[in-house]
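Structural characterization, general
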Amino acid sequence: MEPREEIFVLGLILSIIVLVISVMISVWARRFTRSLGDYYVAGRSIGALNNGLAMVSLALSLTTFIGLTALIIEGLYIAVSVYAGFTAAFIGMLLLAAPYLRRHKSFTTMAFISERYGSETLRYISVIVMMIVSVLYLAGNLKGIGIVFYFLLGVPEIWGIIVGGLVVTLYVTLGGMYGVTYNQTFQTIVLLFCLMFPVAIVMRTLGASGWAFPPLGYGDMVPLMTDTVPHYFWAMVAHPVTYIAIFLGSFFGIIGLPHFVMRYFTVRDAKEARWSTVVCVFLVGLVNTTVYATGFAAVYYMQTSGVDIPTAAYDYVVFILVEALAGDSWLALAVAGSVAAGLSTVSGLLMIMGAGLIHDLYGSIKPDVDDETKLRLSYGAMFLVGVGVIIFSLDPPEFILEAIMWAFGIAAAGLGVPVVLGIWWKRTNKYGVGAGMVVGTTLSFVSWIMIGYMGMDPVDIPFPFFAKYFYGPLGWIKVISVAVPVSFILTVVVSWLTPPPEEALQRQVDEMHGWTDYDPKRYNGKGLPITIIVLSVFILWFITTLYDEFPK
Amino acid sequence: MKDSQRGYKIEVWVTAICFLIVAVTGGFFSSIVVILNEVFFNVVQTPEQLVSAYGETMFVFKEHLSVWGFPLHYFLLIVLSWFGATIIGAIWCIVMDRLEEQQKT
């Protein structure tokens, strides 16, 4: 796909304004940072609305803005299903983790796992898993910023990656979590305006009667769409377990993604943590349904106007659509919104990576280091992590959303399972968690190496036994429906077969649920572990059934 | 029954029920659509250009099963995963807010 022939001045100006305001917010927020707690978790002072808005910008990365539209064109219904699962997953995180994590008083997911299970080894393992997940997630988003700059200026994507990466690194390093939080709030507001309005104009131009509310405003265009693309709404292209994999990846992946979880450590109390998630899911749903409308509009436009957008340009299709159907001023808004979307997610990821390396890793190896030294080291570590990720992202995956989906899968099996069981089942111990984390992460990470990195066909990967069944569109996603159940089964069974954790560790579970007294029977029954084992075995069995029923 | 035991049971059961509902909207719903395909779709001849990808026959949604012009399964997917999930979350938050008040007293 060729970029614009001339520099898009209006888009460039708006993008620079977004970048400059982001840095200014961090400089302003720097005054609030006086301690390590301020730097990493904003002094635990953030309210529900502010945190909810900040979480929205984390969720709505560039993968949503441009990657999802591309995936809808490629995968139609299944792509929408992925993001529907992702939207509902916030409520899964609310029910299973959000307020309980806030009461635990950790700084990060890695600290939670280490302290809940009383193991430094688990801290190191979880830092490794966090780095894998974060780098995958970051690479996809920096690639997205590169795409925006390429379209905007016609310069190679590499410059977008470097400039965008340096700006984020600068404002994260300067402002810490206060800067990140206020920036993310600002970026959410920018993103909402810059997505909703251009898409509404596009829908009006295409003739949608409900263009003023794009999420549900294109129903009258459906008959013409199904005349030209009869399979648009067809859910039959994939084995049903594909959707279960999407559920597992979304619901436990989001709990396992440390940059989402870290937001809960910044709020004032458990109540604020709860309501911030409700604010978040409503706005994430609003934006995601608007993006479904954008994907629909893109396919509709290509089919009805005869314009052929090459596959290589699917990642640019939002801009192509807005430019063709809404005009340059709306395109400038869309470009600025994209820049905001990319910056917000990258900043959250850099924050958790810096915290993981200094607070969790260095702080554990050298426990005598005082907070002031850690704070100074954090500035340096954050900067080095940012530069390191920029270098890694110079050769990122081609299709940005797939990298994110892999990150979700690895996070679900490696971190989501121990977090959920650590909150809801007292009997979970470090041996079970160690087994589940290591095997679950290895299964999903090695699969990514073979399928996502080396480009092997999913049905040909040498292991596991289930590989034969990874056929069909996004067939590799079924790896998640192996890795997560295996992680659950191992964690539960090994915990059961080994000595229970000591009372001080079990007491944390009652405290996380808000009880001031300790009752060994609470959260310690057999119902939950048995249900988990039965459901996990059922999902593993289900993958191998109905083999002849669906397209290969 | 002691108040704390009652509170514990309310927390666990309300959370389990809410999770079950939101799990259906967040993934299992589409699996159900696929398994119950004959309820939602008609089998038709696949257009020639798509035969290589989808085989001789394919499924299109039943036109009478639509809401505001959208196929029923698609409409339910996007509305349940958005409004549905938000409402479930809000209800759960209200219950937990009350439970937290009881825990404090």
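Residues numbered from 1 in each chain as written. Chains lettered and ligands numbered in written order. Predicted model: local features only at pLDDT ≥ 70, side-chain atom pairs only at ≥ 80, totals over all residues.

**Examining unusual backbone geometry**
Phi angles above zero are rare outside glycine, and Ala42 of chain A is one such case at about 50 degrees. Position of Ala42 of chain A among the secondary structure elements: in the loop between α2 (36-41) and α3 (48-59). The backbone of Trp68 of chain B shows a phi angle near 50 degrees, a positive value even though the residue is not glycine. With respect to the secondary-structure elements, Trp68 of chain B resides in the loop between β3 (66-67) and β4 (70-71). Judged by the 13 C-beta atoms lying within 10 Å of it, Trp68 of chain B is partly exposed. (Helix = DSSP H or I, 4+ residues; strand = E, 2+ residues; numbered from the N terminus. Buried ≥ 20, exposed ≤ 12 C-beta atoms within 10 Å, placed from the backbone.)

**Looking at the confidence of the model for chain A**
Taken as a whole, chain A shows an average pLDDT of 85; of its residues, 96% reach a score of 70 or greater. Mean pLDDT across the secondary structure elements of chain A bottoms out at helix α4 (residues 62-75) of chain A, with 75, and peaks at helix α19 (residues 480-497) of chain A, with 96. (pLDDT = per-residue confidence, 0-100.)

**Concerning the interface of chain B and chain A**
Often, the extent of an interface is quoted as the loss of accessible area upon association of its parts. Counting residues at the interface gives 48 residues for chain B, matched by 48 residues for chain A. At the level of elements, α1 (3-35), β2 (57-61), β4 and α4 (72-104) of chain B are the ones that each hand at least two residues to the side of chain B that touches chain A. Across the side of chain B that touches chain A, the residue classes break down as 30 nonpolar, 15 polar and three charged. (Contact = placed C-beta atoms within 7 Å. Nonpolar A, V, L, I, M, F, W, Y, C, P; charged D, E, K, R; others polar.)

**Here's the deal with the nonpolar core**
Residues and elements named next belong to chain A. Counting residues in hydrophobic clusters, the biggest one holds 243 residues, and the most contacted among them are Ala97, Ala336, Ala407 and Val420. For this core, the element with the most residues is helix α13 (residues 270-305), which contributes 21 residues. The contacts of Ala97, once residues within four sequence positions are left out, are Ile255, Val419, Val420 and Ile423. (Core = buried A, V, L, I, M, F, W, Y, C linked by C-beta atoms within 7 Å.)

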